Amino acid sequence: MDPPTGIVYNREYADLAHRHYQTGDYETAEQYAMDLWKRDSSNTSVLLLLSSIHFQRRCLDKSAHFSSLAIKANPLLAEAYSNLGNVYKERGRLTESLEHYRYAVTLKPDFIDGYINLAAALVQAGDLEA
């Protein structure tokens, strides 16, 4: 039995969005991701992708917005806290950045990217003892 059209559409669009993101074509990635988000505004994978796309485009308010929506949809989503930490770090708000990275790795102890982000923020803050 074939899957419903919506599932195929979502999978194909998600694949396209990720492919464009990975090649640095953030504008096209955003178009696909926004279309997916309009269809399902609580899809945390899409919200995380939109957060990352906007971060790469230096639209920090939008990046924070989509990270916050992902947290609202799933308060235990470590990646969303890490993305929000990236926004705070980029804005020079290291205390909030560190709080978000620490919370992310507490939620997901095997979250390598979270530890990398935390370490970079600690180096930037000059706090290598934490």
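Here the structure is a predicted model, which means the values were calculated and not measured.

Draft legend 1. Geometry of the environment of alanine 17. One can find alanine 17 in helix H1 (residues 5-22). In the structure, alanine 17 is positioned ten residues away from glutamate 27 in sequence and 9.7 Å away in space, judged by C-alpha atoms. In contact with alanine 17, other than residues within four places in its own chain, are Ala29, Tyr32, Ala33 and Leu49.

Draft legend 2. Fine view of the pattern of salt bridges. Under the counting rule described, the total for this entry stands at five salt bridges. Salt-bridge contacts for glutamate 30 lead to arginine 57; the nearest nitrogen and oxygen are separated by 2.2 Å. In this pair, glutamate 30 is assigned in helix H2 (residues 26-39) and arginine 57 in the loop between helix H3 (44-56) and helix H4 (60-73), connecting sequence segments 27 residues apart. Residue classification places glutamate 30 among the buried positions, given a relative accessible area of 15%.

Draft legend 3. Spatial organisation of helix H7 (residues 112-125). The terminal C-alpha atoms of H7, which comprises 14 residues, lie 20 Å apart, in line with the 20 Å expected from a rise of 1.5 Å per residue. Looking at H7, one finds that the buried residues are Gly114, Asn117, Leu118, Ala121 and Leu122. The buried residues of H7 occupy an angular sector of 135° when the element is viewed end-on, so they sit on one face. Of the exposed residues in H7, those oriented more than 90 degrees away from the buried face are Ile112, Ile116 and Val123. Contact partners of the buried residues in H7: helix H5 (78-90) and helix H6 (94-107).

Basis of the calculations
- Residues numbered from 1 in each chain as written.
- Predicted model: local features only at pLDDT ≥ 70, side-chain atom pairs only at ≥ 80, totals over all residues.
- Heavy atoms only, no water.
- Helix = DSSP H or I, 4+ residues; strand = E, 2+ residues; numbered from the N terminus.
- Contact = heavy atoms within 4.5 Å.
- Salt bridge = Lys/Arg side-chain N within 4 Å of Asp/Glu carboxyl O.
- Buried < 20%, exposed > 50% of the residue type's maximum accessible area, 1.4 Å probe, protein only.
- Expected span 1.5 Å × (residues − 1).
- Arc of directions from axis to C-beta.

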